[in-house]
Amino acid sequence: MLLLRAVALLEAIAFLLLLFVAVPLKHLTGTPEPVLVLGPVHGIAFLAYAWLIGREAVDRSWPAGRALWLIIAGLIPLAPFFIVRSLPAK
Amino acid sequence: MPDYSLLKILHAIAATLTVIGILMSAFAVAKPQPATKLAAMRKWDLFVTVPALVLVWILGVTLTIEGNWFPSGWLPLKLVFVLGLSALHGMLAGSLKRLQRGQPAPAFLRFAPYLVIVCVVAIVALVETKPF
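Residues numbered from 1 in each chain as written. Chains lettered and ligands numbered in written order. Predicted model: local features only at pLDDT ≥ 70, side-chain atom pairs only at ≥ 80, totals over all residues. Heavy atoms only, no water.

Draft legend 1. Layout of the packing of helix α2 (residues 33–59) of chain A against helix α3 (residues 74–100) of chain B. The contact between α2(A) and α3(B) brings their axes to 7 Å, and the two run at 35 degrees. Helix-helix and strand crossings are classified by hand; for α2(A) and α3(B) the assignment is right-handed. Of α3(B), the residues touching α2(A) (which contributes A:Leu47, A:Trp51, A:Gly54, A:Arg55, A:Glu56, A:Val58 and A:Asp59) are B:Leu83, B:Ser86, B:His89, B:Gly90, B:Met91, B:Ala93, B:Gly94, B:Ser95, B:Lys97 and B:Arg98. Here the contact of α2(A) with α3(B) is composed, by residue class, of six nonpolar, six polar and five charged. (Axes fitted to C-alpha atoms, helices over the stretch in contact; angles between N-to-C directions. Helix = DSSP H or I, 4+ residues; strand = E, 2+ residues; numbered from the N terminus. Left-handed = near helix turned anticlockwise from the far one by under 90°. Contact = heavy atoms within 4.5 Å. Nonpolar A, V, L, I, M, F, W, Y, C, P; charged D, E, K, R; others polar.)

The following block contains the structure:
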C-alpha cells in the first residue's frame, strides 16, 4: 500500500507539472522539451498507478467499481492527493 | 541516444520475458498450485516480470517518439491490448498474493491464460502488418 501511495503522489505531481508548467512553456515560449520529458514520466507513472490499483483490488477484494473509479480519478488533476488520504494505511 | 534497432531488440527481449512471466502467473492462478511453487512464482514475478514490464513501457514510449509512430492508426489499438495485458498482470500479481495466504483467486481469472494468448496474437499481428 505504501508503494501505491508513493506512485499516486508521483503521478499527481507529474500531471500538475505537465499541465501547469510544461504545456504553458511549450505554447507560450515554444519550448517543447519539458513536455517531451514530463509526458512520458506522467504516462509511465499513471500505468504503474493503474497496475498497483489492479493488484491491490484483487488482493484486498475491492469491488470492481471502486477500482475503476480510483483509476479514472487518477486522470483528474489533484484527485490523487485525495485518493492517497482515502487509502488504508497498511 | 542508443541506436533505434538496438532499442527495438531490447524492447522485444523485455516483451518476451514479460509475456512468459504473465503466462506463468496465469497458469499458476488458473490451476491450483502448492505453496512452495506460489512463493517461487511471486519471486520470479517481482524480480523478472515486473522489471521487464517496466522496461517494455519505457522502451515502447522511447521507440514511439524516436520512430514518430504517433500518427499511425495501429498503435492506439496495440496500446489497448498492451494495457489489457498490463492490467491482467496487476490482477494476477494480486491473485498470487491471495493464493499464498490460502484465499481463492477471482473466478474469472481461470480464463487468464487464454486472454494472454489473445492479446499477444493481436499485438504481434498489429506490429508486423501495421494494417492502418
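Draft legend 2. Representation of the environment of B:Ala107 in the model. Tracing the sequence through the fold places B:Ala107 in the loop between α3 and α4 (112–129). Between the alpha carbons of B:Ala107 and B:Ala30 there is a distance of 8.6 Å; along the sequence they are 77 residues apart.

Draft legend 3. Here's a closer look at the interface of chain A and chain B. Listed by partner, the interface residues are eleven residues for chain A and 18 residues for chain B. The contact between chain A and chain B buries some 1,200 Å² in all, and 72% of this surface belongs to carbon and sulfur atoms. Among the residues of chain A in contact with chain B, A:Trp51, A:Val58 and A:Asp59 are the three that bury the most area, contributing 50% of the side total. Summed over the shared surface of chain A and chain B, the result is two salt bridges. Here A:Asp59 ties to B:Lys97 by a salt bridge, and the two come within 3.3 Å at their closest N and O atoms. At the boundary of chain A and chain B, one finds six residue pairs in polar contact (both at pLDDT 80 or more). (Buried area = accessible area lost by both parts, 1.4 Å probe. Salt bridge = Lys/Arg side-chain N within 4 Å of Asp/Glu carboxyl O. Polar contact = N/O pair within 3.5 Å; in protein donor to acceptor, adjacent residues only side chain to side chain.)

Draft legend 4. Inspection of α3(B) at higher detail. Between its terminal C-alpha atoms α3(B) stretches 39 Å, which fits the 39 Å expected from 27 residues at 1.5 Å a residue. In the stretch just after α3(B), B:Gly102 is the one whose phi turns positive, near 85 degrees. (Expected span 1.5 Å × (residues − 1).)

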